[in-house]
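Notes for the structure review
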Amino acid sequence: QFLYFIGMSEDEPVFTRKHKALLRRAGSFKRMQSLPQRVDHWFHSDSELHSSWDRFAAAHRESSPVFSPSPAAPLLEADHAARIIHEKFCDLFESQLTEYLAGLNVGMEEFQEAFRISKDEEQRDGECFYRWPEVVEFDVFLSLMRGGSEALLSHIDKLVEEARLDFRRRVTFFPLIIRWSPPSFTDVDEALDAAMKKAGVTHGLAKPQLKELVRWRAKLSSKTLVGGMYTDPPRDEEAWARFLAFKTSRLGPIALEGVIDALQEHAKCQNSSAENNERRELLSCFDALDSLHQGCVSMTLLTSAVLKSGVVPEKAVKKATASLLAKRRQLRADDRKSADADDNPRLTMLEAIEALENLLRPADGVDASQLLCARLQKVAETARDRM
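Everything numeric here is computed off the predicted structure, so don't read it as measured data.

Taking 1.5 Å per residue as the helical rise, helix α7 (residues 138-170) with its 33 residues ought to reach 48 Å, whereas the 27 Å between its terminal C-alpha atoms falls clearly short. Of all the bends in α7, the largest measures some 140 degrees and sits at G147.

A few words on the pattern of salt bridges. Across all of its chains, the model carries eight salt bridges by this definition. Where D166 meets R169, a salt bridge forms, and the shortest distance between an N and an O atom there is 2.9 Å. Residue D166 and its partner R169 are located together in helix α7, separated by three residues, close to a single helical turn. Given the relative accessible area of 45%, D166 is considered partly exposed. For E257, the salt bridge identified is with R168, shortest N-O distance 2.8 Å.

Remark: α7 packs on helix α12 (residues 253-269), axes separated minimally by 11 Å, with the N-to-C direction vectors making an angle of 5 degrees. Considered as vectors, α7 and α12 are oriented roughly parallel to each other. Contacts from E161, L165, R168 and R169 of α7 reach α12 at P253, L256, E257 and I260.

Mapped onto the secondary structure, P345 falls in the loop between α15 (314-331) and β4 (346-348). Along the sequence, P345 and M299 sit 46 residues apart, while their C-alpha atoms lie 5.6 Å from each other.

Here is what the cut-offs are and how they apply
Residues numbered from 1 in each chain as written. Predicted model: local features only at pLDDT ≥ 70, side-chain atom pairs only at ≥ 80, totals over all residues. Heavy atoms only, no water. Helix = DSSP H or I, 4+ residues; strand = E, 2+ residues; numbered from the N terminus. Expected span 1.5 Å × (residues − 1). Bend = angle between axes of the 7 residues up to and from the residue. Salt bridge = Lys/Arg side-chain N within 4 Å of Asp/Glu carboxyl O. Buried < 20%, exposed > 50% of the residue type's maximum accessible area, 1.4 Å probe, protein only. Axes fitted to C-alpha atoms, helices over the stretch in contact; angles between N-to-C directions. Parallel < 35°, antiparallel > 145°, perpendicular 65-115°, else oblique. Contact = heavy atoms within 4.5 Å.

Laid out in structure tokens, this is it:
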């Protein structure tokens, strides 16, 4: 049951907003949040639990050459003996977790719900990263069999640090590119190289990763022949941000912060055209709506916030909203899995900025974006609480 749960795809839907609101109103949300924290503390600090793992490793270490600190055999998960021992350890850990939860008077189903909430909150606020469920993955299991519980816990700590850095990249690079609005991918790539040089670091990518980087760079920068003429590749800020994240994926926390600081300084020094300034203002509006870094906002939240700000007439808001919904449905008509069939789709950052541009267009003659940004934070919080 536990193994099935942690094997879920990260794309699988988690608690709905209404369900979470009910939990909050019922006063049980704190309890649901505290469960993963308590399990995480138990996992890292229970000495008897760690001793049981060490005893397990000692009893089975000779079962397969894969478990040797310097194995002569290929490290294949398909090794039959190693697979059998791996399954035994998974059963052991599941029984230990179930016993611990029973001591808290918590069933596995309730814990799974709490863990789903914690994964959702992780993507929002980036404060708690629980990676102890990875203990049942084969590569983490190998660290136990080769180095004992101490090596396993170190492996888990490393995964937590990697998750924290991934979150930092996710909530930094894409907004930075939107604010900067660079002319092309080449400008982004060259700026990153200059930032890494200024920070005194190198990417540290292995040879296979470097090959992938070269292919990715060629795809994002190569011109295409259309109608006998070479044209620049289309703008794709999201892909540019993913490229930055990939190229800095081997940097530690200090090196990454140095590169981010240098990139932000570079972006500030670029020309401040009226178009770029307007886009930065609109991004500030999006930040007010997306203060928890979800990377998207609901149509209802956006239009509600614009209406309550009093910047744009209600008639203009309804007209722009209907136009955007029609455009989304046309673009995604073939996507049967899309959840945009209703009137409250989730808008990505770029879609929300485009929507804000359309919503604010009727307000010509006033500094609408600045006025909206100034009022939006409080309005958005009120609207979000009611959803």
